[in-house]
Amino acid sequence: MARMIPPPRSLATGVGALPHTDPKQACDDVLFLFPEFPYIPTLPDRSQLESIVFNDSEQLPGRMICNDRLLFDSTRDQTGAMEKVYMDYVEGNFQDYGLHKEYASAFIEMMSRRLPGVVVLKCQVTGPVTFGMQVVDADKRPIYYDSQLADVLSKMIALKARWCEQEMRKNTGVCETVVVLNEPYLASLGSSVVPVDKETVRAGWDDIAALVEGGLGIHCCSNTDWEFVLDLNPSLVSIDAYATAKEFLLYSDAVISYMERGGIVAWGIVPADTKLFVTETTDSLYDRYLAIRSQLCARMPEKLFDAQSMITPSCGIRFADREGSLAIMGAAKEISRRVRKTAGPV
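Residues numbered from 1 in each chain as written. Predicted model: local features only at pLDDT ≥ 70, side-chain atom pairs only at ≥ 80, totals over all residues. Heavy atoms only, no water.

## A few points about the overall build of the protein chain
Inclusion rule: Put simply, DSSP H or I for four residues or longer makes a helix, DSSP E for two residues or longer makes a strand, and each gets a number counted from the N terminus. The reference for a compact globule is 2.2 Å times residues^0.38; the radius of gyration itself is calculated from the C-alpha atoms. Only protein chains enter the accessibility calculation, which uses a 1.4 Å probe; a residue is then buried when its area is under 20% of its type maximum, exposed when over 50%, and partly exposed in between. We call two residues contacting when some pair of their heavy atoms lies within 4.5 Å. Lys and Arg are tallied as positive, Asp and Glu as negative. Neither His nor the chain termini are counted. Charge positions are represented by NZ for Lys, CZ for Arg, CG for Asp and CD for Glu.
From N to C terminus, the protein chain includes 13 helices and eight strands. Whereas a compact globule of 346 residues would reach a radius of gyration of roughly 20 Å, the protein chain reaches 19 Å, a difference of no more than 12%. Split into buried and exposed, the 346 residues of the protein chain put 58% on the buried side. Sequence-distant contacts in the protein chain: of pairs separated by 6 or more residues, those separated by 24 or more amount to 76%. With 35 positive and 46 negative side-chain charges, the protein chain shows a spacing of 5 Å between the two charge centroids.

Next comes the structure, spelled out in structure tokens:
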């Protein structure tokens, strides 16, 4: 079970990617907009190596990059490399699973900052389901469907997440961290087309949660089996509330119970897609958020909802320029300001 983190009390933060290519500028923008609960963005426009899955693949046994695709070399014996991951996990040896500048330039840049006013610092790594479904072997079969590789993958990601949280605390001076697993492929839960086994998902989550000492969250910007996800007891669940709030609220009983246990919902009410964002105003997005709040607060205390909620963009901001990304993040910040002003102390 992941450790719960302090209530964010309706603060705003960001999610995943930014369109920036200058890591210093990206970190400056994040810290200006989200000084209390900043996040470490990824910068995929700099290089393919900084995009989802690739940015966390450096230590994957049998890794190959061919024609801009990430592959697992199943034509060679990878037993030795896989056993090393197992042993490192058992012994807690996470030092070899760090991020380097060519894979995570903004992470390295943020590690040069002292952040005395930060309540929680957030970063993300690719979750094992999404990672394993996007990497294929020589037979073009996702490696997540190989039980041994799925097990190795979750342990490798656990080691990487543990390294990330230690680096964040050591270098920035923050006391509280949360590592969020980027898991869009959790949308495959219950799918008959691209099936994902729930027990494999749970086992992988348990592996990661057992090693990580700080907060551990999940971001899924698609609809999924939210009752199952919330039952994993992540510290934070990050959702696309702009597009999927209706489906998420079908699980209201599970959501309320989760928040009562100390779980945080990051409501991605601001569309990260510029084409959608320009059709809205801050007022219209604020009204959308208040509708969600009203629906749940008919059955739970407003103070609890406000304490255990955050405001974010719906997903990473990839297809925008810097000014567009600042507008999207700025809308999240403004909605947070209005909520906190209206709610008062929580």
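## Thoughts on the nonpolar core
Worth spelling out the cut-off: Here the nonpolar core consists of buried residues drawn from Ala, Val, Leu, Ile, Met, Phe, Trp, Tyr and Cys, with membership extended through side-chain atoms lying within 4.5 Å.
Ile40, Phe107, Leu216, Trp267 and Val270 are the most contacted members of the largest nonpolar core, which has 105 residues in total. Ranked by the residues each element gives to this core, the list is headed by helix α5 (residues 147–172), at twelve residues. For Phe107, the residues in contact, after removing those within four places along its chain, are Ile40, Leu99, Cys123, Trp163, Cys164, Glu167 and Met168.

## Here's the deal with the sheet that holds strand β4 (residues 177–182)
To keep things clear, this is the line we draw: Only strands joined by at least two bridges in the DSSP assignment are considered to pair. What counts as an axis is a line fitted to C-alpha atoms, over the stretch in contact for a helix, and the angles between N-to-C directions run from 0 to 180 degrees.
Spatially, β3-β4-β5-β6-β7-β8 is the arrangement adopted by the six strands of the open sheet, whose pairing is parallel. Each edge of the sheet is formed by a strand with only one pairing partner; in this case those strands are β3 (121–126) and β8 (309–313). Averaged over neighbouring strand pairs, the angle between their axes works out to 25° when direction is ignored. Helix-sheet contacts for helix α8 (residues 241–248) involve β6 (236–239) and β7 (264–270), and the interaxial angle to β7 is about 130°. Contacting β7 and β8, helix α13 (residues 322–343) crosses the sheet at an angle of about 160° to β8.

## A word on the packing of aromatic side chains
This is how the line gets drawn: Only rings of Phe, Tyr and Trp enter the pairing, Trp through its six-membered ring, and a pair is recorded when the two centres are within 6.5 Å. The plane angle decides the type: under 30 degrees is stacked, over 60 is edge-to-face, the rest tilted. Criterion for a charge above a ring: Lys NZ or Arg CZ within 6 Å of the ring centre, and within 35 degrees of the ring normal.
Using the criterion set out here, one finds six aromatic pairs in the structure. The interplanar angle of 35° and the centroid separation of 5.7 Å between the aromatic rings of Trp267 and Phe305 together place this pair among those described as tilted. Of the two residues, Trp267 is situated in strand β7 and Phe305 in helix α12 (residues 302–307); the sequence distance between them amounts to 38 residues. Of the aromatic side chains, those joined through ring pairs into one cluster are Trp226, Phe248, Trp267, Tyr289 and Phe305. The ring of Tyr286 carries the charged tip of Arg338 above its face, separated from the ring centre by 5.4 Å.

## A closer look at unusual backbone geometry
A positive phi angle, close to 75°, is found at Val53, a residue other than glycine. Counting through the fold element by element, Val53 comes out in the loop between α1 (23–33) and β1 (63–66). Overall, the relative accessible area of 2% leaves Val53 in the buried class. Positive phi is not limited to glycine here, since Asp68 has a value of about 65°.

## Thoughts on the pattern of salt bridges
We count it as follows: A carboxyl oxygen of Asp or Glu within 4 Å of a side-chain nitrogen of Lys or Arg is what we treat as a salt bridge.
With the rule as written, the count across this model stands at 26 salt bridges. When the shortest N-O distance is used, the salt bridge between Arg113 and Asp28 registers 2.9 Å. Placement of Arg113 in the loop between α3 (105–110) and β3 and of Asp28 in helix α1 is noted, with a sequence separation of 85 residues between them. Given the relative accessible area of 15%, Arg113 is considered buried. Of the residues examined, Asp28 reaches a relative accessible area of 32% and is grouped as partly exposed. A salt bridge links Glu302 to Arg293; its shortest N-O distance comes to 3.7 Å. Taking relative accessible area as the criterion, Glu302 reaches 46% and is therefore assigned partly exposed. Overall, Arg293 belongs to the buried group, its relative accessible area being 15%. The network of salt bridges with common partners includes Lys24, Asp28, Glu109 and Arg113.

## Thoughts on the environment of Leu186
One can find Leu186 in the loop between β4 and α6 (198–211). Overall, Leu186 belongs to the buried group, its relative accessible area being 4%. The spacing of Leu186 and Val129 is 57 residues in sequence and 6.9 Å in space, taken between C-alpha atoms. Once residues lying within four places of it in the same chain are set aside, the contact partners of Leu186 are Val129, Val201, Ile218, Cys220, Thr224 and Val229.

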